[in-house]
Amino acid sequence: MKQTILIFIIALFPILASADGSGTCGNNLTWSYVNATKTLTISGTGEMGSFYYESNGGGTYVCAGAPWYSYVNNIEKVIIQSGVTSISSYAFSGCSMTSLTISNTVKSIGEYAFSDCNSLSTINIPDVAINIGDCAFVKTALYKNQPDGLVYLGKIVYKYKG
């Protein structure tokens, strides 16, 4: 009987991981994931909550404490909507996203927020004063493909590489 239940749960896991999902990610923020478009959207007003991270070994991190963690390998696009004022440290670390859009209400991005998002090559970031934490975009395709020297995100100087 125990083996039958375990086999059923294992067989059901891929279905659960590919379903839509939603929840909260701050006092006044919500998240929603739509599997059909592989899009995670953060909406509402205020700061994002804090999340813990886990090391996958070899110096890579994953957003294990984020409520969308079960979708980390499915997310292709992240949209941070108007009203959101901060993105927490490690919030999206290790996500498989390729595209990121950040609204002009975001004033800070935590350290390692998008680190290890190896396929992230397109970042739409507002040209406003924004505090970008250390290593927020390290190990992304966008960062890796930059030449040595100053690395820009939009018109914002992010980091010196080289």
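Please refer to the structure higher up on the page.
Only a predicted model underlies this, so the values are computations on that prediction, with no experimental measurement involved. In every chain, residue numbers begin from 1 and rise along the written sequence. Per-residue local features are limited, in this predicted model, to residues with pLDDT of at least 70; the limit for side-chain atom pairs, both in listing and counting, is 80 or more; totals at the level of whole chains, interfaces and linings are taken over all residues. Based on all heavy atoms of the structure, the side-chain values leave hydrogens and waters out of the count.

Draft legend 1. Summary view of the overall build of the protein. Where helices and strands are cited, they refer to DSSP runs of H or I of at least four residues and of E of at least two residues respectively, numbered from the N terminus. Scanning the protein from N- to C-terminus turns up two helices and 13 strands. Across the 162 residues in the protein, those meeting the buried criterion constitute 42%. Summarising the internal contacts of the protein: among those between residues at least 6 apart in sequence, 36% fall at separations of at least 24. Accessible surface is estimated by sampling points in the Shrake-Rupley manner with a 1.4 Å probe; for residues, cover comes only from the protein chains shown. When the accessible surface of the protein is summed, it comes to about 8400 Å², and 54% of that surface belongs to carbon and sulfur atoms. Per-residue accessibility, obtained with a 1.4 Å probe over protein chains only, is compared with the maximum for each type, and a residue is labelled buried under 20%, exposed over 50%, and partly exposed between these values. Contacts are residue-level and defined by heavy atoms, with any inter-residue pair within 4.5 Å sufficient.

Draft legend 2. Highlighting the pattern of salt bridges. Here a salt bridge means any side-chain nitrogen of Lys or Arg lying within 4 Å of a carboxyl oxygen belonging to Asp or Glu. As enumerated under the stated definition, the model contains two salt bridges in all. The closest approach of N and O atoms between aspartate 116 and lysine 139, which form a salt bridge, is 3.8 Å. Taken together, the positions of aspartate 116 in the loop between strand 9 (108-109) and strand 10 (122-124) and lysine 139 in the loop between strand 11 (131-132) and helix 2 (141-144) put the pair 23 residues apart, joining distant regions of the chain. Judged by its relative accessible area of 6%, aspartate 116 falls in the buried class. We classify lysine 139 as partly exposed; its relative accessible area is 29%. In this structure, lysine 159 and aspartate 134 form a salt bridge, with 3.3 Å as the shortest nitrogen-oxygen distance. With lysine 159 in strand 13 (residues 156-161) and aspartate 134 in the loop between strand 11 and helix 2, the pair connects residues that are 25 residues apart, well separated along the chain. Judged by its relative accessible area of 47%, aspartate 134 falls in the partly exposed class.

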